[in-house]
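# Survey of secondary and tertiary structure
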Amino acid sequence: MTERFHFRLPTQLVRPIAAAMVAGSVLVVASPTRAVDPPPVVDSTSAVLDADVGDPDGLTTLADAVWLTNTDEALDTITFDLDPADAGPIDTVNVPTITEDLEIVGPGRSRLTFTSSTDSVLTVDNDADISLSDIAVDGAAAGSGPFNGILLTTFGSAVFERVDLTNTVTGFDVNQPGPDPVGSFTATDVTVSQATGPGVSTFNVAEVVLDGVEVTDAPASTGIRVENATEVSVTEGSATDTLDGLLVDGVGDVMLADFASVDNAQRGIVITSGYGTSTFSGVTVSGNGGIGIGIDATSASPPVGLDDLRDVSITDSTISANDGGGVSIEGAGVIALTRLEITRNGVAPSSGLGGVYLGSDSLDPSEVVISESIISDNFGDNGGGVTTSNHDGDVTISSSTISGNQASDGKALRIATTGGGGLVEVVRSEISGHTAGVAPVVYADGVPVHIIESNVTGNAAAALFEARSSDGGITVRDSTITRNSFDDAIFQNGEFSFVEVFETTVTENTAPAASAGVFRRALDGG
């Protein structure tokens, strides 16, 4: 059975089809295509959204442009062509949430400002990629607020360049849903000022890159806060006059270069995570009300094995005048402190952790190398220059100067543990200018301490060296001990500890008390 179909062609198609059939040609009939619309160009600072009703005013506002890019996936760029006389800020109250990939290219930070009269200035969702450049954001310019600056939730990648934010709650509020960190956030040449919340806050973002980001004048909250990320890079930026300058929690690899955390009410830089690496170079941390640099690798969740302990490297940096102390590191793996100036940290006579504080526990032995550094004029409650407390790994101090430090208990170099620590060596270094009062300059309790090829000079104390407990002892070899003054002895040890001196020059030291001597064994059973 043969079925027949009947249809009518428009008259204008009949002759061409017939001619093609006679000639044996292949006939291709193409459906008409819609012309691609050009990317929207914002030419009005009005807050009106009317693109969804046919654009009766003939103008393109920012709200119109975002609506168009959300509804047409072929449109992914917004630019501006504003009358110079129309210099007012753009109120983003009617701008839809950005849900499609979009690049917004502004005319320049000094030429255009986004603001909002009701909520966050811009919001991104739906796994969209967003790029924003050459714009200023003022969270309160619309006469109310302040409001959040940029709110990102459930996005792919986010890139911000040459953006200034002021008068916001949180400058950048960047969040991804859990459980694992995803996406990336990059900010370059960005300033955030006068925020009542964090200047930059990210949560669950896998890769965070901050290059030239400056957060200032936000004393009620953290300058930069990064939580639950895979890697973080912060370069050539600063946090000034905030609560905590930089707070990193639950992050893998952390890299800081040429970053400054200065004059913050509490801490300068704090990292709490037990895995990954922390690499700092060219960092300046000064004038903060708490610890300068605090790294706590004991707070890992879930617990990590020894191979995953956070390694720490800090080089060519200055840590000075921080009220809570200079550098505090607990529970880390390999620690390298190289060419540092750690000076004037801690507040005498009340509080502080001194220049360098190393803490750990018996489950987390770590290896520490301090080299080519100056640790001077610091104050601590228990040890002014370098202090270890229950630190179970080896510590080497080489080619460094430890001078003029003070402590409540008088000790300039305090090495103590209750768990049987590793070896502490001071090699080719100088220990000088300490006034320890009734306490010793170098104190070892439960840890062997070796002073090798070093100079101990210009100190004043009850004793220069004191060893306590059966696991603690002091060995001085190939060194010079000169121009010190002491009340009791140069070397003092408990009943079950020892002091050894080999091939060392001891000269021009003074003792005002007639009972003082070179060696003295304590009678307290230590």
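Everything in this summary refers to the structure shown in the same document. Everything numeric in this text was worked out from a predicted model, so none of it was measured.

### Brief notes about unusual backbone geometry
Here the phi dihedral of T154 falls at roughly 55°; this positive angle occurs in a residue that is not glycine. Relative to the helices and strands, T154 is located in the loop between β8 (150-153) and β9 (155-166). Unusually for a residue other than glycine, E453 sits at a positive phi of about 50°. Topologically, E453 is positioned in the loop between β39 (448-452) and β40 (455-457).

### Re the nonpolar core
Side chains of a nonpolar character, in soluble globular proteins, are inclined to be buried together. Counting residues in hydrophobic clusters, the biggest one holds 107 residues, and the most contacted among them are F114, F185 and F465. Sorting elements by how many residues they give to this core places strand β13 (residues 205-218) first, with six residues. When residues no more than four places from it in sequence are discounted, the contact partners of F185 are L152, A158, F160, F172, V174, V200, T202, V205, E207, V208, V209 and L210.

### Some remarks on the packing of aromatic side chains
Per the stated rule, a full pass over the model turns up six aromatic pairs. Arranged with centres 6.2 Å apart and planes meeting at 45°, the rings of F80 and F114 form a pair that is tilted. Placement of F80 in strand β2 (residues 77-80) and of F114 in strand β5 (residues 113-115) is noted, with a sequence separation of 34 residues between them. Judged by centre distance (5.1 Å) and plane angle (25°), the ring pair of F491 and F519 falls under stacked. Here F491 is found in strand β44 (residues 485-493), whereas its partner F519 is found in strand β47 (residues 517-521), with 28 residues between them in sequence. Grouped by ring-pair contacts, the aromatic residues F160, F172 and F185 constitute a single cluster. If you follow R477 out to its NZ or CZ, it ends over the ring of F502, 4.4 Å from the centre.

### Overview of the side chain of S400
Assignment of secondary structure puts S400 in the loop between β32 (395-398) and β33 (401-403). On the basis of relative accessible area, S400 is assigned to the buried category, the value being 2%.

### A short note on the side chain of S286
The residue S286 is located in strand β22 (residues 284-286) in this model. A relative accessible area of 16% places S286 in the buried class. Apart from the residues within four sequence positions on either side, S286 is in contact with S261, V262, D263, S320, A321 and N322.

### Quick look at a negative patch on the surface
Together, D76, D101, E103, D127, D129 and E161 line one region of the surface with negative charge. For E161, the location among the structural elements is in strand β9. By relative accessible area, which is 30% here, E161 ends up partly exposed.

### What to know about the layout of surface pockets
Taken as a whole, the largest pocket spans an internal volume of roughly 160 Å³. Counted by class, the lining of the largest pocket contains six nonpolar, two polar and four charged residues.

### Description of helix α2 (residues 62-71)
α2 sits mainly inside the fold: seven of its ten residues count as buried. The complete set of buried residues in α2 reads L62, A63, D64, A65, V66, T69 and N70.

### As for the pattern of salt bridges
The full count for this structure, using the stated rule, is eight salt bridges. Put simply, D164 and R109 hold a salt bridge, and the shortest N to O gap is 3.2 Å. One end of the pair, D164, is in strand β9; the other, R109, is in the loop between β4 (102-105) and β5, with 55 residues separating them in the sequence. The class for D164 is partly exposed, based on a relative accessible area of 25%. For R109, a relative accessible area of 25% puts it in the partly exposed group. The shortest N-O distance in the salt bridge between D244 and R267 comes to 2.9 Å. Within this pair, whereas D244 is found in the loop between β16 (238-242) and β17 (246-249), its partner R267 is found in the loop between β19 (260-262) and β20 (269-272), the two being separated by 23 residues in sequence.

### Description of the environment of F147
For F147, the location among the structural elements is in the loop between β7 (128-138) and β8. For the pair F147 and G171, spaced 24 residues apart in the sequence, the C-alpha separation amounts to 8.9 Å. If sequence neighbours within four positions are ignored, F147 has contacts with S116, S117, T118, D119, S120, G139, N167, T168 and V169.

About the cut-offs
Residues numbered from 1 in each chain as written. Predicted model: local features only at pLDDT ≥ 70, side-chain atom pairs only at ≥ 80, totals over all residues. Heavy atoms only, no water. Helix = DSSP H or I, 4+ residues; strand = E, 2+ residues; numbered from the N terminus. Core = buried A, V, L, I, M, F, W, Y, C linked by side-chain atoms within 4.5 Å. Buried < 20%, exposed > 50% of the residue type's maximum accessible area, 1.4 Å probe, protein only. Contact = heavy atoms within 4.5 Å. Phe/Tyr/Trp six-rings, centres within 6.5 Å; stacked < 30°, edge-to-face > 60°. Lys NZ or Arg CZ within 6 Å of the ring centre and 35° of its normal. Patch = residues over 30% accessible without salt bridge, like charges linked within 9 Å, V, L, I, M, F, W, Y side chains within 5 Å. Areas by Shrake-Rupley, 256 points an atom, 1.4 Å probe, with all protein chains shown as cover. Salt bridge = Lys/Arg side-chain N within 4 Å of Asp/Glu carboxyl O. Lys, Arg positive; Asp, Glu negative; His and termini not counted. Charge placed at Lys NZ, Arg CZ, Asp CG, Glu CD. 1 Å grid on protein atoms, 1.4 Å probe; cavity = no way out; pocket = protein on both sides within 12 Å on 5 of 7 lines; lining within 4 Å. Points joined across faces, edges and corners; volume = space filled by probe spheres on them. Nonpolar A, V, L, I, M, F, W, Y, C, P; charged D, E, K, R; others polar.

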